[in-house]
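Architecture at a glance
Below, each chain spelled out in residue letters.
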Amino acid sequence: MTAQLIDGNALSRQLRSEVAQRAAALTARGHQPGLAVILVGEDPASAVYVRNKVKACEDSGVRSIFEKYDADLSEAALLARIEALNADPAVHGILVQMPLPKHIDPHKVIEAIATSKDVDGYSVLSAGELMAGLDGFRPCTPYGSMKLIESTGQSIKGKHAVVIGRSNTVGKPMALLLLQANATVTVTHSGTPDLGYHTRQADIVVAAVGRANTLTADMVKPGAIVIDVGINRKADGKLCGDVDFEGVKEVAGWITPVPGGVGPMTITMLLVNTIEAAERAAAR
Ligand SMILES: Nc1nc(=O)c2c([nH]1)NC[C@@H]1CN(c3ccc(C(=O)N[C@@H](CCC(=O)O)C(=O)O)cc3)C=[N+]21
């Protein structure tokens, strides 16, 4: 193995201890930060993620308000719950776990969340703030991926970054964050004919497509930083990313594992955004 492992669990521990200090300071002033986490339905993967989020809150001194609803909850009832949480001064962040049941429009739900509590950074306004270079809430997965890249100590300025995937939650905001850091950014996707042509020129590759083995060793420039956002489940039930880890680790300079890379950082940045929201509320 030539690549250095970028340890998302270790970086998370470090950042979460800073979160815990900020949470304690707010709590001492009578403003304990609070995150509402809403889960609708029985998706087993969602249940695992939500449990991890609630546990991360507890470990950092952030109060979690966990609400679980049956899959037949009406859209109107969910919107009414969000209105109530918007008005609750003890709630600083609101996260509605995706995906939602088909009869609920996720856009309506996301736009119902007060911008000041949009700690997922999923709303049109938060996306616009990112686009405009204003400091709103950054979506947690790309925000955490930036922290992982920064943790290598390598400068991002002037580097060629290739993002694989163009989702609203990861690919697009990731490209904007890399641009903001003065990288030269190429965005590729399922319609890109020769993916390897692009990735072989990349100093930084962020793989976020949701398909195992999308990035293989022959597609990576020696010494590159490789960030694997994918979460795929293999036939044996084990998790794997979008990157062929075993092959790529022999070529890359740095690489994130799955699990233990981007996943824990997504939750960490959710805590960071929640603390930020609580500090802003306390300053008002
Ligand atoms: N409103 C909303 N916000 C989200 O941020 C959101 C969402 N909906 N829906 C689903 C995706 C997925 N997601 C993950 C978070 C943590 C891990 C994570 O901690 N993964 C561990 C492994 C966990 C395991 O073993 O299953 C790791 O990579 O080490 C994974 C995935 C957040 N999401």
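Since the structure is predicted, the reported quantities are computational estimates derived from the model, not experimental observations.

1. A look at the site of the ligand
The environment of the ligand is formed by 17 residues, the closest being Val96, Gln97, Met98, Asp120 and Gly260. Between the ligand and the protein, one listed contact pairs a nitrogen atom with a side-chain N or O atom of glutamine 97 at 3.0 Å. Burial of the ligand by the protein amounts to 81% of the accessible area it has alone, namely 680 Å². The pocket occupied by the ligand, as judged from atoms lying within 2 Å of grid points, is the largest pocket. Of all elements in the fold, only helix H2 (44-60), strand E4 (93-96) and helix H10 (262-283) reach the threshold of two or more residues within the shell around the ligand. Element by element, the count of residues in the shell around the ligand is highest for H10, at four residues. Three or more residues apiece are contributed to the shell around the ligand by two domains, here domain 1 (30-114) and domain 2 (140-263).

2. Examining the sheet that holds strand E11 (residues 254-255)
In any sheet, the strands associate via hydrogen bonds between backbone groups, in a parallel or an antiparallel arrangement. Strand order across the open sheet formed by six strands is E1-E11-E8-E7-E5-E6, with parallel pairing between neighbours. Sheet topology places strand E1 (4-5) and strand E6 (184-188) at the edges, where each strand pairs with a single neighbour. Looking at chain direction, strand E7 (residues 204-207) and strand E8 (residues 225-228) are connected through four bridges and run parallel. By the bridge assignment, isoleucine 204 is partnered in E8 with isoleucine 225. Each of strand E5 (160-164), E6 and E7 is contacted by helix H7 (residues 171-180), which is oriented at about 170° to E5, the strand it contacts most.

3. What to know about the domain arrangement of the protein
Assigned domains within the protein: domain 1 (30-114) and domain 2 (140-263). The C-alpha-based centres of domain 1 and domain 2 are spaced at 29 Å.

4. A short note on empty space enclosed by the protein
To find leftover empty space, a probe the size of one water molecule is rolled over the atoms. Tallying each qualifying case throughout the model produces one cavity of 30 Å³ or more. What the largest cavity holds in volume is close to 40 Å³. Lining of the largest cavity is provided by Ile94, Val96, Met98, Ile110, Ile113, Asp118, Asp120 and Tyr122. For the lining of the largest cavity, a count of residues per class yields six nonpolar, no polar and two charged.

Criteria and thresholds
- Residues numbered from 1 in each chain as written.
- Predicted model: local features only at pLDDT ≥ 70, side-chain atom pairs only at ≥ 80, totals over all residues.
- Heavy atoms only, no water.
- Near = heavy atom within 4 Å.
- Polar contact = N/O pair within 3.5 Å; in protein donor to acceptor, adjacent residues only side chain to side chain.
- Areas by Shrake-Rupley, 256 points an atom, 1.4 Å probe, with all protein chains shown as cover.
- 1 Å grid on protein atoms, 1.4 Å probe; cavity = no way out; pocket = protein on both sides within 12 Å on 5 of 7 lines; lining within 4 Å.
- Sits in = over half its atoms within 2 Å of the grid points.
- Helix = DSSP H or I, 4+ residues; strand = E, 2+ residues; numbered from the N terminus.
- Domains from an automatic or database assignment.
- Pairing = 2+ DSSP bridges.
- Contact = heavy atoms within 4.5 Å.
- Axes fitted to C-alpha atoms, helices over the stretch in contact; angles between N-to-C directions.
- Points joined across faces, edges and corners; volume = space filled by probe spheres on them.
- Nonpolar A, V, L, I, M, F, W, Y, C, P; charged D, E, K, R; others polar.

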